[in-house]
Amino acid sequence: SSGINAEYGGLWDNSIRTGKVNHHEIISEGVLYQHKDVITSLQLDGQYLATGAKDTTVVLWKISKKTGAVKPHPLAILYGHNSEVTCVALSAELDLVVSGSREGVLLLHTLKMGTYVRTLRPHNPPSAMIVTFVGIAGTTGNIIVTGNVPSSTTKGLLHSVLYLYTVNGKLVKRVKLEDVTTAVYVEGDRMVVGGVSGSLEIRCTNSLATKHKLRLKSGVISISIDPRGQHLFVTTSDGKMLIITSTAKPFIKK
């Protein structure tokens, strides 16, 4: 594809780079500076972009309706974390930003004003868990969280835990996963969870119930899905990209 706007971070100079996709390359159009350390996460929803970084802050940016480019001045800077921000999620429809950190804490803010709403501490003590993913289910506003905690049986090993919260911060369910989570994709009423040992699970976002379960030969690196929800695209640790097709109903209803 060409003409699609692209934003990316994780660079040594702590910047956000913006550009347009031109067939097989990204044509650079701008550089934005705000964070004081490396950016660890970016999330886009409609006309808004959220970036989290090792400097413990989350920065909210507005996207120009006319050009599709990120406006140069931040909409808001969110504070409150005491350690590296590991993941962010946002919903323009719900006016909500959720950020997770290495200290095991999640902060909720409003998107348009950057107003603090509440703090979630899924694990006790919070510092024993690293939040690895946060997502917002579009149909319900449920908040999906994954985190890594020390194994209770084997010293030095980790296991992953999946949490389901309502948009009001009420814990609905907690599930201990069999694999250490490496990738999560959330959309609508479904989520896909991949693990370091090759596990791939499709779960409901309103109950965390498992709908499909697969075991791949290599660990999962990333998960994506086509616009119709019929094909899963999974990259694995052996350098391959797998395309998994549903011959019946779509994996995810969009």
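For the structure itself, consult the block above.
In what follows, the accompanying structure is described. (Residues numbered from 1 in each chain as written. Predicted model: local features only at pLDDT ≥ 70, side-chain atom pairs only at ≥ 80, totals over all residues. Heavy atoms only, no water.)

## Thoughts on the environment of Leu 171
And then number 1: Summarising the element assignment, Leu 171 is placed in strand S15 (residues 171–176).
And then number 2: With relative accessibility at 42%, the residue Leu 171 sits in the partly exposed group.
And then number 3: For the pair Leu 171 and Ala 128, spaced 43 residues apart in sequence, the C-alpha to C-alpha distance is 18 Å.
And then number 4: Setting aside its immediate chain neighbours within four residues, Leu 171 contacts Tyr 163, Leu 164 and Tyr 165. (Helix = DSSP H or I, 4+ residues; strand = E, 2+ residues; numbered from the N terminus. Buried < 20%, exposed > 50% of the residue type's maximum accessible area, 1.4 Å probe, protein only. Contact = heavy atoms within 4.5 Å.)

## Some points on the environment of Gln 34
And then number 1: Mapping Gln 34 onto the fold places it in the loop between strand S3 (25–33) and strand S4 (39–45).
And then number 2: Once residues lying within four places of it in the same chain are set aside, the contact partners of Gln 34 are Val 59, Trp 61, Pro 74 and Ile 77.

## Digging into the layout of surface pockets
And then number 1: If you add up the space inside the largest pocket, you get close to 520 Å³.
And then number 2: Taken together, 26 residues make up the lining of the largest pocket; nearest its centre are Gln 43, Ala 89, Leu 90, Ile 136 and Val 186.
And then number 3: Where the lining of the largest pocket is concerned, the elements lending two or more residues are S4, strand S8 (85–91), strand S12 (130–136) and strand S16 (181–187).
And then number 4: Grouping the constituent residues of the lining of the largest pocket by class yields 14 nonpolar, nine polar and three charged. (1 Å grid on protein atoms, 1.4 Å probe; cavity = no way out; pocket = protein on both sides within 12 Å on 5 of 7 lines; lining within 4 Å. Points joined across faces, edges and corners; volume = space filled by probe spheres on them. Nonpolar A, V, L, I, M, F, W, Y, C, P; charged D, E, K, R; others polar.)

## Looking at unusual backbone geometry
As a rule of thumb, non-glycine residues mostly have phi less than zero, and peptide bonds are mostly trans rather than cis.
And then number 1: Residue Asn 124 is joined to Pro 125 through a cis peptide bond whose omega torsion reads 0 degrees.
And then number 2: Checked against the element boundaries, Pro 125 lands in the loop between strand S11 (116–120) and S12.
And then number 3: Positioned with a positive phi, Asn 14 is a non-glycine residue whose angle comes to about 65 degrees.
And then number 4: Turning to its location among the elements, Asn 14 is positioned in the loop between strand S1 (2–8) and strand S2 (15–22).
And then number 5: Residue Asn 14 is classed as buried on the basis of its relative accessible area, which comes to 16%.
And then number 6: Its identity as a non-glycine residue notwithstanding, Asp 95 has a phi of 55 degrees, on the positive side.
And then number 7: Along the chain, the position of Asp 95 falls in the loop between S8 and strand S9 (96–101).

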